[in-house]
Amino acid sequence: MANDDIDRANDFALKIGTVNGTGSASANSMLMQAIFRMGVPVSGKNVFPSNIQGLPTWYEIRVNKDGHLARTPDFDIMVAMNAQTYQRDIEEVASGGYVIYDSTRSLDEDLLRDDVTFLGIPFASLCVENFKGARVRILMKNIAYVGALAALLELDVDLIREMLGEKFAAKPKLIDSNMKAISLGYDYARENFECPLPVRMAPMDATSDSVILTGNAAAALGCVYAGATVGAWYPITPATSIMDAFKEFCGRFRKDPETGKNRFCVVQAEDELAAIGMVLGASWCGARAFTNTSGPGLSLMSEFLGLAYYAEVPAVVFDVQRTGPSTGMPTRTQQGDLFTVVYASHGDTKHIALFPADPEECFYFSVSAFDLAEHFQTPVFVVSDLDIGMNDWMVPRLKWDEGYTPDRGKVLTEEDLESVEEFHRYEDVDGDAIPYRTLPGVHPKGAYFTRGSGHDRYGRYTEDAEAYTDVVDRIARKIDGASAAVPEPEVRLAVDARFGLVTIGACRGAVLEALELLEADGIEISYMRVRGFPFPSGVGQFIDDHELTFVVEQNRDGQLLKLLTVEAGASKDKMTSVKYYGGFSLSAHHVVHGITETLEKAGRRPAGKA
Amino acid sequence: MANDDIDRANDFALKIGTVNGTGSASANSMLMQAIFRMGVPVSGKNVFPSNIQGLPTWYEIRVNKDGHLARTPDFDIMVAMNAQTYQRDIEEVASGGYVIYDSTRSLDEDLLRDDVTFLGIPFASLCVENFKGARVRILMKNIAYVGALAALLELDVDLIREMLGEKFAAKPKLIDSNMKAISLGYDYARENFECPLPVRMAPMDATSDSVILTGNAAAALGCVYAGATVGAWYPITPATSIMDAFKEFCGRFRKDPETGKNRFCVVQAEDELAAIGMVLGASWCGARAFTNTSGPGLSLMSEFLGLAYYAEVPAVVFDVQRTGPSTGMPTRTQQGDLFTVVYASHGDTKHIALFPADPEECFYFSVSAFDLAEHFQTPVFVVSDLDIGMNDWMVPRLKWDEGYTPDRGKVLTEEDLESVEEFHRYEDVDGDAIPYRTLPGVHPKGAYFTRGSGHDRYGRYTEDAEAYTDVVDRIARKIDGASAAVPEPEVRLAVDARFGLVTIGACRGAVLEALELLEADGIEISYMRVRGFPFPSGVGQFIDDHELTFVVEQNRDGQLLKLLTVEAGASKDKMTSVKYYGGFSLSAHHVVHGITETLEKAGRRPAGKA
Amino acid sequence: MTYITKPAVRHPSLEENALGLTCRDYEGAMSTLCAGCGHDSVTAAITQAFFELDIPPHRAAKLSGIGCSSKTPAYFISESHGFNAVHGRMPSIATGANAANRDLVYIGISGDGDSLSIGLGQLCHAIRRNVNMLYVLENNGVYGLTKGQFSASADVGTLSKRGEVNRLGPIDPMSLALTLGATFVARSFSGDKQQLVPILKAGLTHRGFAIVDVISPCVTFNDHEGSTKSYAHTRMHNYEVVQTDFVPLMTEITAGQDREGATAVTMHDGSTVVFRSVAEDYDPTDREGALGFLHASQVSGEVATGLLYLEESGEEMHSFENTVDRPLVEVPFGDLCPGSAALEDLQKEWR
Amino acid sequence: MTYITKPAVRHPSLEENALGLTCRDYEGAMSTLCAGCGHDSVTAAITQAFFELDIPPHRAAKLSGIGCSSKTPAYFISESHGFNAVHGRMPSIATGANAANRDLVYIGISGDGDSLSIGLGQLCHAIRRNVNMLYVLENNGVYGLTKGQFSASADVGTLSKRGEVNRLGPIDPMSLALTLGATFVARSFSGDKQQLVPILKAGLTHRGFAIVDVISPCVTFNDHEGSTKSYAHTRMHNYEVVQTDFVPLMTEITAGQDREGATAVTMHDGSTVVFRSVAEDYDPTDREGALGFLHASQVSGEVATGLLYLEESGEEMHSFENTVDRPLVEVPFGDLCPGSAALEDLQKEWR
Ligand SMILES: Cc1ncc(C[n+]2csc(CCOP(=O)(O)OP(=O)(O)O)c2C)c(N)n1
Ligand SMILES: Cc1ncc(C[n+]2csc(CCOP(=O)(O)OP(=O)(O)O)c2C)c(N)n1
Ligand code: SF4
Ligand code: SF4
Ligand SMILES: [Mg+2]
Ligand SMILES: [Mg+2]
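Rules and cut-offs
Residues numbered from 1 in each chain as written. Chains lettered and ligands numbered in written order. Predicted model: local features only at pLDDT ≥ 70, side-chain atom pairs only at ≥ 80, totals over all residues. Heavy atoms only, no water. Phe/Tyr/Trp six-rings, centres within 6.5 Å; stacked < 30°, edge-to-face > 60°. Helix = DSSP H or I, 4+ residues; strand = E, 2+ residues; numbered from the N terminus. Lys NZ or Arg CZ within 6 Å of the ring centre and 35° of its normal. Contact = heavy atoms within 4.5 Å. Buried area = accessible area lost by both parts, 1.4 Å probe. Salt bridge = Lys/Arg side-chain N within 4 Å of Asp/Glu carboxyl O. Polar contact = N/O pair within 3.5 Å; in protein donor to acceptor, adjacent residues only side chain to side chain. Near = heavy atom within 4 Å. Areas by Shrake-Rupley, 256 points an atom, 1.4 Å probe, with all protein chains shown as cover. Nonpolar A, V, L, I, M, F, W, Y, C, P; charged D, E, K, R; others polar. Expected span 1.5 Å × (residues − 1). Buried < 20%, exposed > 50% of the residue type's maximum accessible area, 1.4 Å probe, protein only. Donors = N, O, S within 2.8 Å, 3.2 Å for Na, K, Ca; no water. Pairing = 2+ DSSP bridges. Axes fitted to C-alpha atoms, helices over the stretch in contact; angles between N-to-C directions.

**Considerations on the packing of aromatic side chains**
Right, on to step 1. A complete count under the given rule lists 51 aromatic pairs over all chains for this structure.
Right, on to step 2. Relative to F293 of chain C, the ring of Y239 of chain C has its centre 6.2 Å away and its plane inclined at 45°; by these criteria the two rings are tilted. Placement of the pair is Y239 of chain C in strand β9 (residues 238-240) and F293 of chain C in helix α9 (residues 287-299), with a sequence separation of 54 residues.
Right, on to step 3. Here the aromatic cluster, defined as three or more aromatic residues joined through ring pairs, consists of Y225, F363, Y364, W400 and Y404 of chain A together with F333 of chain C.
Right, on to step 4. Stacked on the ring of Y527 of chain B, the Lys or Arg R492 of chain B has its end atom at 6.0 Å from the ring centre.

**Considering the interface of chain D and chain A**
Right, on to step 1. The partner chain A presents 20 residues to the 24 residues of chain D that form the contact.
Right, on to step 2. Summed over both sides, the interface between chain D and chain A buries roughly 1,500 Å², with carbon and sulfur atoms accounting for 52% of that surface.
Right, on to step 3. Linking chain D with chain A are three salt bridges.
Right, on to step 4. Close ionic contact of D271 of chain A with R89 of chain D constitutes a salt bridge, the shortest N to O distance being 3.9 Å.
Right, on to step 5. Taken together, chain D and chain A are joined by eight residue pairs in polar contact (both at pLDDT 80 or more).

**Thoughts on the site of ligand 1**
Right, on to step 1. Taken together, the neighbourhood of ligand 1 is formed by 24 residues, with E272 of chain B together with S69, D112, D114 and G144 of chain C sitting nearest.
Right, on to step 2. At the site occupied by ligand 1, nearby residues are drawn from chains A, B and C.
Right, on to step 3. A distance of 2.8 Å separates an oxygen atom of ligand 1 from a polar side-chain atom of D112 of chain C.
Right, on to step 4. When ligand 1 sits alone it has 590 Å² of accessible area, and the protein chains cover 98% of it.
Right, on to step 5. Ranked by residues supplied to the shell around ligand 1, first place goes to helix α4 (residues 112-116) of chain C with three residues.
Right, on to step 6. A class-by-class count of the residues in the shell around ligand 1 yields 11 nonpolar, nine polar and four charged.

**A closer look at helix α9 (residues 272-284) of chain B**
Residues and elements named next belong to chain B.
Right, on to step 1. For α9, built from 13 residues, the straight-helix expectation of 18 Å at 1.5 Å per residue is met to within 8% by its first-to-last C-alpha distance of 18 Å.
Right, on to step 2. Most of α9 is tucked away, with 13 of its 13 residues classed as buried.
Right, on to step 3. Structurally, the start of α9 carries an N-cap: the backbone nitrogen of L273 is 3.1 Å from a side-chain oxygen of D271.
Right, on to step 4. Two residues or fewer after α9 comes G286, characterised by a positive phi angle close to 110°.

**Concerning the site of ligand 3**
Right, on to step 1. In the vicinity of ligand 3, the contacting residues are I52 of chain B together with L33, C34, C37, H39, C68, N140, C218, V219, T220 and F221 of chain C.
Right, on to step 2. Among the chains of the assembly, those with residues near ligand 3 are chains B and C.
Right, on to step 3. Partitioning the shell around ligand 3 into residue classes produces eight nonpolar, three polar and no charged.

**Details of the coordination of the magnesium ion (ligand 6)**
Think of it this way: four donors in a tetrahedron around the metal ideally sit 109.5 degrees apart, and six in an octahedron ideally sit 90 or 180 degrees apart.
Residue and element names in this part refer to chain D.
Right, on to step 1. Distances from the magnesium ion (ligand 6) to its protein donors, D112 (OD), N140 (OD1) and V142 (O), fall within 2.1 to 2.2 Å.
Right, on to step 2. Taken in sequence order, the residues that donate to the magnesium ion (ligand 6) follow the motif D-x27-N-x1-V.
Right, on to step 3. Looking at N140, the relative accessible area reads 4%, which means it is buried.

**Side note on the interface of chain A and chain C**
By convention, interface size is frequently given as the accessible area that disappears when the constituent parts associate.
Right, on to step 1. Taken together, the contacts link 77 residues of chain A with 59 residues of chain C.
Right, on to step 2. At the boundary of chain A with chain C, total buried surface from both sides reaches about 5,700 Å², with 63% on carbon and sulfur atoms.
Right, on to step 3. Here chain A is connected to chain C by five salt bridges.
Right, on to step 4. R397 of chain A serves as the salt-bridge partner of E344 of chain C, at 4.0 Å between the closest nitrogen and oxygen.
Right, on to step 5. Where chain A meets chain C, there are 25 residue pairs in polar contact (both at pLDDT 80 or more).
Right, on to step 6. Within the residue set of the side of chain A that touches chain C, elements represented by two or more residues are α1 (24-37), β7 (210-213), α7 (215-226), α8 (240-253), β9 (265-268), α9 (272-284), α11 (302-311) and β15 (449-451) of chain A.
Right, on to step 7. Per-element tally for the side of chain A that touches chain C: the top contributor is α9 of chain A, with eight residues.
Right, on to step 8. Its residues placed into classes, the side of chain A that touches chain C shows 41 nonpolar, 20 polar and 16 charged.

**Focus on the sheet that holds strand β12 (residues 272-277) of chain C**
Residues and elements named next belong to chain C.
Right, on to step 1. A sheet is described by the order of its strands in space; here three strands give the open sequence β10-β12-β11, paired in antiparallel fashion. The two strands at the open ends of the sheet, each matched to only one other strand, are β10 (242-247) and β11 (262-266). Within the sheet, the average angular offset between the axes of one strand and its neighbour, ignoring direction, is 20°.
Right, on to step 2. As defined by bridge partners, β11 adjoins β12 across five bridges and the pair is classed as antiparallel. In the strand pairing of β12, A264 is matched with V274.

**Re the coordination of the magnesium ion (ligand 5)**
Residues and elements named next belong to chain C.
Right, on to step 1. Coordination of the magnesium ion (ligand 5) by the protein is provided by D112 (OD), N140 (OD1) and V142 (O), with metal-donor distances spanning 2.1 Å.
Right, on to step 2. Read in sequence order, the donor residues coordinating the magnesium ion (ligand 5) give the pattern D-x27-N-x1-V. Within this pair, whereas D112 is found in helix α4, its partner V142 is found in strand β5 (residues 142-143), the two being separated by 30 residues in sequence. Note on accessibility: D112 and V142 belong to one class, buried.

It is worth stressing that arrangement in space is one thing and function is another; only the former is reported here.
Here it is in structure tokens:
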């Protein structure tokens with residue numbers, strides 16, 4: 001972007017390189033929030049190490065008036081606060097861009113580039129002169145670069161001061177020092193450089209109906225609104241903040257006014273095997289229960305997930321994906337768990353899964369997950385990832401339908417049980433493959449034995465081939481039936497397009513941006529994003545309807561493409577993979593590049609429509 | 001079979017219904033062994049409950065001069081020793097067949113059938129008259145029905161007496177009582193019925209180059225011959241007898257002659273997570289190590305399997321499949337773990353697997369598994385099932401090539417390390433995607449850090465996208481490379497056949513028998529049995545070469561068909577599923593029925609060749 | 001219910017409890033265990049305990065893992081829900097169930113393999129959380145259902161049926177539980193219904209995690225010479241440390257009963273447990289002492305039985321979690337969902 | 001090796017060990033832990049111990065699970081193999097490695113989360129098998145790497161950095177180990193190198209499973225007021241029960257050293273461990289006594305440190321398994337494969 005000469009107001013990307021554990025995080029999100037409050041679409045992505053203190057960490061901010069907020073690797077401005085990473089940070093700046101660095105120590109000759117402008121600001125010495133105490137000085141450096149950016153980008157400083165006021169309302173002393181730090185950076189920039197830079201902010205009104213939110217907070221809020229009462233988990237990045245947020249929200253909304261006691265119970269389990277076990281126990285008793293985990297935890301839950309599937313116990317599992325396999329890169333994103341989720345556990349199994357694209361969907365899908373889990377009496381996965389879960393997203397303000405009543409599924413009440421002749425746990429009474437359920441403690445007639453060993457439609461233990469087959473066949477029908485209940489794919493058909501594109505989850509933003517770029521280039525492509533599994537019937541159709549469909553996903557093995565082949569009846573020869581799995585969020589150029597490359601190879605770079 | 005009037009010598013099926021824990025097992029295998037020693041092809045299948053004592057259990061013997069030894073559900077003779085199950089046992093006899101029962105108590109009128117002959121023998125009272133002690137009397141009833149069958153089937157009694165002699169060589173008193181019990185049954189039958197029956201034995205010479213063996217014993221023997229020294233496991237049916245046999249063989253072959261100490265170490269782990277962990281630790285140190293498990297254990301191993309895949313640690317895992325999902329039917333067979341095995345663990349993974357069809361292949365594949373695991377530095381699964389693993393199979397005598405030297409893969413010796421400049425654990429030095437390995441304790445230069453977290457080609461920790469991608473891409477190439485190293489499929493092409501059939505594992509016998517029946521019926525079908533994954537290139541080709549291919553497997557979801565679609569490039573529309581998954585071994589009629597039904601539906605019941 | 005339950009012919013003679021139920025009403029499906037299996041006697045004792053405590057069958061919840069022992073919940077109280085989980089993971093199911101509905105009477109049945117090998121971690125953490133339940137460990141020193149391998153409770157030198165010798169030291173669930181702060185620790189013998197029933201009743205009444213280690217011989221794989229978990233060996237070395245007597249709330253302790261040298265502990269529901277130490281100055285409320293005693297008796301090869309330790313603090317998982325008294329499953333949706341207005345307010349902070 | 005190791009400038013001054021190596025040769029990659037993290041001090045002590053014991057770097061094997069603590073094997077002895085396993089499962093890796101090659105010197109590093117929550121079962125069973133290794137538990141009462149949740153070793157009433165209070169009782173690895181029959185049980189403090197180094201040396205020399213619980217403060221998440229695992233609190237309540245002195249084989253105990261009130265235990269390799277009890281009549285060879293003492297000091301809120309229990313029976317996993325003395329990885333294939341003739345014979349029995 002840095003290269004074109006058009007007005008660069010509200011269209012640029014900014015990256016800040018610091019050291020983790022030095023308090024830059026709050027400065028960075030303040031920066032993002034300020035942009036947001038100026039009414040300009042913005043996204044912030046945290047690129048952090050799997051470590052607590054002392055290693056390089058980055059924060060990437062993209063400002064885009066058209067609302068393209070996916071990650072972009074071309075940075076117009078680099079705030080290089082970490083000498084350890086000067087080299088690569090400076091290399092990453094787009095030609096024509098700017099490097100803001102701490103000029104307290106002068107820059108190595110060989111780091112200099114003549115196609116970028118270097119703006120040195122002596123942050124360290126400024127803070128040493130103006131503040132006391134090592135810790136404070138380090139913290140204030142972060143606030144100071146915010147001040148400098150305010151000047152260079154024409155950020156509304158009053159807004160920032162206002163925000164500082166809100167933030168430290170309780171601690172006036174802190175307000176002063178922060179205000180001072182802002183001014184240090186702001187004034188220095190004003191005095192020494194021509195402000196603003198061509199890349200800059202201009203007030204808009206494009207964010208008034210939006211909020212800033214992480215997917216994990218949104219998912220947790222969904223659990224609260226869905227009426228979930230039991231959460232069992234084991235800490236793991238990047239899933240941890242779901243339970244942290246759940247506890248926080250419950251602290252606000254789930255205290256008994258009289259007693260101050262909790263209308264929820266969060267158990268930090270000893271591991272993920274126990275966490276999912278607790279969820280099954282709670283669901284079996286009739287509570288809405290969930291767990292949050294990531295790849296390694298998911299693997300550990302495999303055995304129990306098969307039990308839940310076969311014994312038909314509801315459960316909601318949030319899988320916030322990170323880069324695998326194994327421990328992999330815990331602080332990088334990926335979409336590598338698709339197979340693990342939908343086929344979790346040994347033997348014949350198939351699980352319902354929802355694939356949110358952003359925090360907004362995390363909230364709504366989280367609520368649906370509980371409805372689906374209880375309706376179909378089976379585990380339901382909400383499959384997000386580190387990018388959605390932990391990054392700051394600008395999303396439309398969340399709405400709650402007061403008319404919502406939870407779908408508790410076919411649960412027999414005490415009255416029902418009084419009236420029924422006999423209750424048979426696994427019988428397909430209604431012909432929809434969904435049996436009736438009872439809860440412990442309700443009625444003697446409701447009693448049955450839940451087991452993962454062979455059982456017949458009456459819930460009795462069996463080793464009989466027919467009785468066994470009868471039940472597993474019904475379960476297969478039941479799960480297939482869910483394809484009509486999971487969220488429909490998001491589809492945007494291009495008129496008579498020969499090409500289609502299918503994607504999933506967090507790829508959304510980058511893909512839509514890429515499609516615009518390609519269209520501008522005369523390449524029209526229809527778009528579909530799957531949002532639930534088992535795939536609704538339309539999914540296979542979409543692929544049949546196009547000459548060639550690009551499947552865009554963030555894993556090495558093209559797991560979505562494979563799933564589409566075997567589970568959506570799509571024919572493999574009509575699909576081609578566009579994959580990125582290096583751990584960063586997907587960006588439009590990955591998609592554009594992948595698609596154009598394929599088209600060129602295939603020698604069919606079309607003039608557009610068929 | 002019972003219906004046709006042709007000579008029924010050496011072509012019949014026999015079923016014995018008893019109560020488990022009453023000692024019938026040894027009587028039954030003696031019976032089978034006697035038939036085998038008469039030179040006639042025979043198979044024995046144990047149908048037992050997941051319980052220790054007091055429940056119905058069955059033993060099925062099939063005698064077939066043409067060597068068709070798959071299970072058949074049409075029984076010519078039923079030895080009904082368990083009153084609990086008279087009803088269903090008698091129903092199972094093919095019309096024209098025989099029911100041998102204990103006439104001490106007379107049979108219920110309504111159990112009688114006029115299309116079968118009832119041969120009552122007062123086993124109980126005979127034993128009461130002739131033996132003392134409840135336990136002895138119960139045991140001798142079993143021997144007595146063997147005696148009766150000897151008369152009715154014209155089994156060589158002297159042979160049986162000889163076998164009893166061998167068996168109880170140490171305990172002469174037992175010989176006498178057993179001999180007596182044999183005579184009781186034998187004489188009673190001779191005196192009261194016209195012996196032999198039309199279904200009967202006739203000496204042959206079709207077994208002299210064969211042995212009777214279970215797949216689990218064969219697999220264990222393979223471990224001994226491959227030089228495996230460490231076995232770690234957790235008991236689970238039907239995998240347990242692999243380690244039992246391994247310990248037994250090692251007791252014979254692996255004692256240090258001087259000290260009597262063990263040249264092996266078997267650790268009964270606290271669970272399957274620990275078992276696979278121990279295998280990885282031992283393999284990492286350079287031992288050939290293995291574990292044996294079944295579905296539930298496999299699920300528990302998921303996390304560690306991903307570590308082994310990504311950190312490139314060899315491991316051999318025997319998965320003796322049982323009916324899933326979850327605990328399922330522990331004493332019934334199935335092929336439901338295909339997906340779980342090849343995609344085990346979260347993130348992008350793909351594992352090497354071998355699929356033996358019988359105990360013979362269990363032995364040879366077990367040896368290959370260690371070679372492949374060390375060659376490719378990754379887990380290798382030997383995927384058998386309860387039918388192969390626990391039943392008595394007649395297989396060609398096993399051979400051992402004295403020329404065999406284990407393929408330890410690219411392991412640098414002390415000398416190598418002395419001479420190398422630097423050692424980089426994950427570098428693709430030879431361009432075959434297989435890096436070099438070192439073992440702990442050998443040389444300081446060999447030291448490296450094994451981890452499941454992100455690492456670069458040098459074995460260093462990394463969170464860098466390129467460095468990460470570089471390694472996982474190589475691993476993908478490495479595993480794909482194994483498709484050339486796993487056993488080639490077994491193929492029998494029918495001339496110009498329009499139809500193909502692909503199957504796996506224990507389905508073999510039933511499928512080959514079915515193909516003969518179909519051919520006799522004018523339906524020619526080419527046959528392929530896959531024996532290793534990743535699939536060799538020929539596999540997809542076979543499917544392309546046929547108009548329609550039947551995929552025969554023992555699971556509900558058509559896992560093999562799906563794998564062929566996504567991993568062998570086979571097109572789904574050219575395949576159709578023939579599945580049986582009720583827990584019994586597959587029989588020819590399942591296959592014939594499945595195929596003819598499809599053909600009729602498709603309205604293309606061909607006159608044979610195209 | 002859809003079990004083949006034993007024909008419940010109601011003997012007019014049969015004694016009825018406060019609910020007007022007979023012990024027959026607390027029975028379950030026909031056992032499929034080996035004739036003579038210790039576990040069946042434990043089942044009988046459990047049936048008795050529930051009957052005598054007047055617990056409504058449907059208010060009980062029966063949980064187990066996998067094993068012969070874990071099959072037994074099917075053999076008692078067919079009118080209560082049962083959950084036969086996966087191997088070694090019953091404690092987590094119980095913890096979650098209890099979190100959701102704290103008002104049910106939870107009984108978990110496990111085996112020594114299920115509890116001390118694959119399930120050891122979960123057992124220890126259920127103890128640590130003091131989950132309110134009765135945990136019965138049917139201890140036979142072997143893996144019965146998988147045909148007799150040694151379990152982690154097998155003593156050093158034990159001979160397996162196949163003649164193998166166990167060299168590894170045993171894990172004693174009692175010392176372990178005491179070390180981990182368990183508040184109710186008892187051991188008994190399947191062959192001693194006299195002792196077992198009151199202990200089970202006390203355990204069911206205890207608020208918190210009550211673990212009862214029941215030596216329950218496996219007649220098929222571990223009842224032979226050379227086994228330290230056989231009927232013979234247990235009868236011989238079983239040493240009752242404290243006699244326990246459970247006195248329900250309603251029956252007051254009358255002067256009639258002799259109470260010399262007896263300690264009485266009042267349970268949270270008002271009923272009483274009366275101990276009489278048989279062993280010299282054994283104090284079932286002294287954790288450290290109990291630990292020492294167990295260690296000593298283990299060394300001397302004795303099987304100390306009785307209610308070995310009791311601490312009726314009443315603190316259990318829900319007190320730690322500060323959960324509302326009403327079972328969470330009964331809290332109406334309206335009290336759980338904050339509604340649209342709250343959502344509006346909340347989002348003001350996210351701008 | 002392909003680490004960024006610290007520049008190994010060889011100070012001529014630097015002391016050399018019997019192998020002619022300096023302690024620099026026992027260092028590893030640069031630590032990425034927080035400045036001041038207790039774990040780094042433990043790393044330093046380990047480096048020292050290996051150096052002083054003259055262990056050839058490549059004959060050591062370093063194992064760990066997942067956590068900040070589990071990262072540390074990368075920070076010492078870069079010339080030995082390291083295995084950073086999955087969370088809580090290091091003991092099984094160590095067991096398998098040891099089964100395959102019994103001649104290496106195994107050191108496992110774990111954290112309190114890694115050992116006492118997800119890994120509790122494996123830890124207990126490694127103790128039971130008495131796997132010959134040194135197991136260092138870097139105990140900070142929190143999950144450091146996941147940002148400060150309470151671990152199972154957090155004391156009741158501990159305040160988290162976010163102000164939450166821990167209500168659950170702690171699992172004390174020392175009492176647990178003693179209860180499970182551990183043969184080497186010690187506790188120390190990352191801040192006390194004086195005490196830690198000899199204990200580590202004794203642990204490395206012990207034949208069997210040596211567990212050392214090192215209180216190792218997390219400066220970032222658990223070093224504040226209200227934490228019982230902070231530097232301040234540990235310094236204050238750390239109570240050395242026994243002073244331990246490790247005397248290697250070669251240096252004989254000269255009259256010069258004062259030995260009053262000291263017990264000496266000879267290790268299987270001939271070297272000696274000398275105890276001096278600081279606490280009134282504390283006997284580090286009395287398991288029952290040690291258990292009682294620990295329980296008492298836990299109640300009084302003291303952190304008892306030192307080599308708390310030692311039993312040098314020499315019995316370890318391989319004695320139980322009766323494995324050949326030669327490491328299995330070194331047994332030639334010819335001694336492992338029975339060959340074709342044997343196969344022929346064997347099959348005669350299968351007819
Ligand atoms: C994950 C898993 N591994 C192994 C098994 C096989 N298995 C079933 S029961 C059992 C042991 C039971 O022993 P115990 O708990 O002592 O019960 P018992 O039969 O002795 O009463 C095992 C290993 C299983 N069901 N699941
Ligand atoms: C299966 C699995 N679950 C969760 C995690 C996330 N995780 C990483 S380290 C850790 C806890 C570490 O705590 P501790 O062992 O005390 O080490 P410390 O960081 O405190 O030194 C957790 C839960 C993981 N890596 N794997
Ligand atoms: S095998 Fe043992 S434990 Fe299992 S039922 Fe029989 S006697 Fe009981
Ligand atoms: S977070 Fe705590 S444990 Fe981890 S490195 Fe920092 S101080 Fe050490
Ligand atoms: Mg047992
Ligand atoms: Mg910790």
